[in-house]
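Structural features, examined
One-letter residues, chain by chain:
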Amino acid sequence: MGKAELTYKLFTDHAEFKNEGINASLITDIIDGFEPEHEDFIVLEPSLPLEDSIYLQAATGGEGLDSYIVEVRFVFADESFKHYDYKTTDKGEIIRMFLEYWGAQRLPDLSQWNDITSTFE
């Protein structure tokens, strides 16, 4: 599948953006604007699964913690799924993940992520 075939929707706690409204500055500004005392989030959803991934999302850790949670979900042909999370204090790291997912259509390196699928079953 070529890049031109994949479009995105972006959701935050304040707004929704369609493909033509999404750019690197928007993604960067949203994540840079995360405040530990708020329940901020961003969800980036491709029109078709990206290597079986149906979205990438990030949110504040809550309770005034200066940490963030990034999550990715994979749905497979047999309708089973896997869900992973990653915790970080580095907004720049999150921005890079989102720009790669959106711009390069590349998944984050999941080697340091936690499989939390069982929490949804």
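Here we summarise the structure given alongside this text. Only a predicted model underlies this, so the values are computations on that prediction, with no experimental measurement involved. (Residues numbered from 1 in each chain as written. Predicted model: local features only at pLDDT ≥ 70, side-chain atom pairs only at ≥ 80, totals over all residues. Heavy atoms only, no water.)

Within a beta sheet, neighbouring strands are joined by backbone hydrogen bonds and run either parallel or antiparallel to one another. Spatial ordering of the open sheet is given by β2-β1-β3-β4-β5-β6-β7, a layout of 7 strands whose pairing is antiparallel. Each of the sheet's edge strands pairs with one partner strand only, and the pair in question is β2 (16–18) and β7 (114–115). The sheet contact formed by strand β4 (residues 53–60) and strand β5 (residues 68–75) spans 7 bridges and is antiparallel. Pairing of Ala 59 across the sheet is with Ile 69, part of β5. Those strands touched by helix α1 (residues 24–32) are β1 (8–12), β2 and β3 (41–46), and its axis lies near 20° from that of β1. On the sheet, helix α2 (residues 91–104) packs against β1, β3, β4, β5 and β6 (81–88) and is oriented at approximately 160° with respect to β4. (Pairing = 2+ DSSP bridges. Helix = DSSP H or I, 4+ residues; strand = E, 2+ residues; numbered from the N terminus. Contact = heavy atoms within 4.5 Å. Axes fitted to C-alpha atoms, helices over the stretch in contact; angles between N-to-C directions.)

Pairing of β3 with β4, which is carried by 4 bridges, proceeds in the antiparallel orientation. Of the residues in β4, the one forming a bridge with Leu 44 is Leu 56. Counting the residues that bridge the hairpin from β3 to β4 gives 6 residues, and of these Glu 51 lies at a positive phi of roughly 50°.

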